Protein chains: 2
Amino acid sequence: MNLTEIAHFRYATKVFDPDKRIPDQLFDQIKTLLRFSPSSVNSQPWHFIIADSPEGRQRLSQGALGSYAYNERKILDASHVILFCAKNAIDDEYLLHLLDTEDQDGRYADASQKDLVHQVRTMFVNLHRFDFKDAQHWMEKQLYLNMGAILLGAGSLGVDALPMEGIDIQALNEEFGLLKQGYTAVAMVALGYRKAGDFNAALPKSRRSEAEIFTVLS
Amino acid sequence: MNLTEIAHFRYATKVFDPDKRIPDQLFDQIKTLLRFSPSSVNSQPWHFIIADSPEGRQRLSQGALGSYAYNERKILDASHVILFCAKNAIDDEYLLHLLDTEDQDGRYADASQKDLVHQVRTMFVNLHRFDFKDAQHWMEKQLYLNMGAILLGAGSLGVDALPMEGIDIQALNEEFGLLKQGYTAVAMVALGYRKAGDFNAALPKSRRSEAEIFTVLS
């Protein structure tokens, strides 16, 4: 399948077949994407809660009660559901942890190079913390970068997906005690296989025209 | 190539080979991804300025002067460079334009369904405009979702890529008169082929451990 075919295959799946499960060897590839996603200055400001059992999906569906109930069935019927969580702060201690991890992984031949990376990363992070004052949004943007790869990657495996912003962040933070662990829920992705008859599979995709969205400097 | 191989193949390319060009039939796939990317409530809040010529890359490199000069060479030496621009506002007129586009593309069997989608989309958009007051960040998150797919998609084609947040937004907005067209520059992605000897290609990837980033509810 080439990218054009994948782009047309994938869609926001509204009805999952509760009897179909993503094989482990495919979901392992999704987990590899989650972990090896790029992020600005390799900040990796994330944690993922993954449900692959009825009990797990039930817990995640605590984020789809009340006015979010339109997403409950999708969470319960999917094969795997991923709750994308962002760090709820980014501080020097964490940046030193990243640096040490990179050092252990063999990225630094000498201490001066390691120091330089730390300085540059701290400068960028502090720009968002103290100048732009948008560190939380900046971290969440990195999660969306990761999520975009997951949606395409799933499509390339013939796996259907539904990204959901419409979830109860506060209920999920409470259910998993996220805030005290330094994270906050951001969005969810349900993965599985479309059920025959999903109305959204039959509808044509609609996008703004090429003329509207592209300026080519040739 | 499976996703695990792509995840390890791709990296932040620091030195592009200026003599290698992405074949048109591959870049066309990238353009299809850009256009058919998912986005929250199909908002598609984007425009892309694409340079595939020396003159075009020169213009984009106006965003890599002064304190951003560390990115200039990457922009000039890449094969194709994409400037991701976000809408700088989202209003009722635009939402009606999306709705009409979807209607023309055949997504609405009847007027009541069309009205319902408009109501729901307006509710979500207004939540970000007037309750969360984060419409700009929310739109930019959709761009990052798109960008994440581009980075993975490029990797699947054997194309190297470098995402860049470190660009001069103001200079680019002026160079292309973006603000008055309703957009603002957000980030850039350079695409091409790594040059032999790129130091970053030789370094091992480093990521936080599985134990740190995954909670599996089995």
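Placed above this text is the structure.
Chemist: Help me understand the interface of chain B and chain A, please; the structure alone is not making it clear to me.
Modeler: Many analyses report the size of an interface as the accessible area lost when the parts associate. Across the boundary between the two partners, chain B contributes 75 residues, which contact 75 residues of chain A. Both sides together, the interface formed by chain B and chain A hides about 7100 Å², and carbon and sulfur atoms give 58% of it. On the chain B side of the interface with chain A, the three residues burying the most area are Arg207(B), Arg208(B) and Leu217(B), jointly 12% of the side's total. Between Glu140(A) and Lys141(B) there is a salt bridge; the shortest N-O distance is 2.8 Å. The interface formed by chain B and chain A contains 64 residue pairs in polar contact (both at pLDDT 80 or more). Broken down by element, the residue count for the side of chain B that touches chain A peaks at 14 residues, all from helix α7 (residues 135-156) of chain B. Partitioning the side of chain B that touches chain A into residue classes produces 32 nonpolar, 26 polar and 17 charged. As judged from the four bridges shared by strand β5 (residues 214-217) of chain A and strand β1 (residues 46-51) of chain B, these two strands associate in the parallel manner.

Chemist: Explanation requested: the pairing of strand β4 (residues 183-192) of chain B in the structure shown.
Modeler: Consecutive side chains of a regular strand alternate in pointing toward one face of the sheet and then the other. Residue and element names in this part refer to chain B. Counting buried positions along β4 yields ten of ten residues, so the element is predominantly enclosed. Alignment of strand β2 (residues 80-87) against β4, held across eight bridges, turns out to be antiparallel. Across the sheet, Ile82 pairs through a bridge with Val189, a residue of β4. Across five bridges, strand β3 (residues 160-164) lies against β4 in antiparallel orientation. Following the sheet pairing, Asp160 is matched in β4 by Gly192.

Chemist: Help me out: how do you make sense of the sheet that holds β2(B) in this one?
Modeler: Whenever strands of a sheet pair, they do so through backbone hydrogen bonds, lying parallel or antiparallel. On the basis of which strands lie adjacent, the open sheet formed by five strands has the order β5(A)-β1(B)-β2(B)-β4(B)-β3(B) and mixed pairing. Because the sheet does not close on itself, it has two edges, and the strands there are β5 of chain A together with β3 of chain B. When strand polarity is set aside, the average angle formed by the axes of neighbouring strands in this sheet is 20 degrees. Packing of α7(B) onto the sheet brings it into contact with β1, β2, β3 and β4 of chain B, and relative to β2(B) it is tilted by some 155 degrees.

Chemist: Hey, could you run me through the sheet that holds strand β4 (residues 183-192) of chain A in this one?
Modeler: If you trace the five strands from one edge of the open sheet to the other, you get β3(A)-β4(A)-β2(A)-β1(A)-β5(B), paired in mixed fashion. Of all strands in the sheet, those with a lone pairing partner are β3 (160-164) of chain A together with β5 (214-217) of chain B, marking the two edges. Along the sheet, successive strands turn relative to each other by an average axial angle of 20 degrees, direction set aside. Helix-sheet contacts for helix α7 (residues 135-156) of chain A involve β1 (46-51), β2 (80-87), β3 and β4 of chain A, and the interaxial angle to β2(A) is about 155 degrees.

Chemist: It is not clear to me how the side chain of Gln29(B) should be interpreted in this structure. Could you clarify?
Modeler: In this structure, Gln29(B) sits in helix α2 (residues 24-36). What Gln29(B) contacts, discounting residues up to four positions off in sequence, is Asn2(A), Leu3(A), Thr4(A) and Leu157(B).

Chemist: I'm lost on the pairing of β2(A) in this one. Help?
Modeler: All names here are of chain A. Burial analysis of β2 places eight of its eight residues in the buried class, the great majority of the element. Relative to β2, β1 is paired through six bridges, and the arrangement is antiparallel. Residue pairing in the sheet places His47 in a bridge with Cys85 of β2.

Chemist: Explanation requested: the relation of the copies chain B and chain A in the structure shown.
Modeler: Two chain copies here: they are related by a rotation about an axis and a translation along the same axis. When chain B is fitted to chain A, the best match, at an RMSD of 0.0 Å, comes from turning it 180 degrees and sliding it 0.0 Å along the axis. Read as a symmetry element, the transformation amounts to a two-fold axis. Comparing interface residues between copies, 100% of those in chain B also sit at the interface in chain A, which points to an isologous, same-surface contact.

Chemist: Got a minute to help me understand α2(B) in this structure?
Modeler: Since one α-helical turn is 3.6 residues long, residues separated by three or four positions face the same way. Residue and element names in this part refer to chain B. Its 13 residues place the ends of α2 18 Å apart at the C-alpha level, agreeing with the 18 Å of an ideal helix rising 1.5 Å per residue. Of all 13 residues in α2, ten are buried, a share of seventy percent or more. Residues of α2 that are buried: Leu26, Phe27, Gln29, Ile30, Lys31, Thr32, Leu33, Leu34, Arg35 and Phe36.

Chemist: Got a minute to help me understand the packing of aromatic side chains in this structure?
Modeler: By convention here, two paired aromatic rings are described through the distance between centres and the angle between planes. This model, assessed by the stated rule, comprises six aromatic pairs over all chains. Relative to Phe84(B), the ring of Phe48(B) lies with its centre 5.2 Å away and its plane at 85 degrees, an arrangement referred to as edge-to-face. Taken as a pair, Phe48(B) in strand β1 and Phe84(B) in strand β2 lie far apart in primary sequence, 36 residues in all. You can call Phe84(B) buried: its relative accessible area is 0%. In textbook terms, an aromatic cluster arises when at least three aromatic residues are bridged by ring pairs, as seen for Trp46(A), Phe48(A), Phe84(A) and Phe214(B). The ring of Phe214(B) has Lys31(A) sitting right over it, with the charged end atom 4.9 Å from the ring centre.

Thresholds applied
Residues numbered from 1 in each chain as written. Chains lettered and ligands numbered in written order. Predicted model: local features only at pLDDT ≥ 70, side-chain atom pairs only at ≥ 80, totals over all residues. Heavy atoms only, no water. Contact = heavy atoms within 4.5 Å. Buried area = accessible area lost by both parts, 1.4 Å probe. Salt bridge = Lys/Arg side-chain N within 4 Å of Asp/Glu carboxyl O. Polar contact = N/O pair within 3.5 Å; in protein donor to acceptor, adjacent residues only side chain to side chain. Helix = DSSP H or I, 4+ residues; strand = E, 2+ residues; numbered from the N terminus. Nonpolar A, V, L, I, M, F, W, Y, C, P; charged D, E, K, R; others polar. Pairing = 2+ DSSP bridges. Buried < 20%, exposed > 50% of the residue type's maximum accessible area, 1.4 Å probe, protein only. Axes fitted to C-alpha atoms, helices over the stretch in contact; angles between N-to-C directions. Least-squares fit on C-alpha atoms with pLDDT ≥ 70 in both. Expected span 1.5 Å × (residues − 1). Phe/Tyr/Trp six-rings, centres within 6.5 Å; stacked < 30°, edge-to-face > 60°. Lys NZ or Arg CZ within 6 Å of the ring centre and 35° of its normal.

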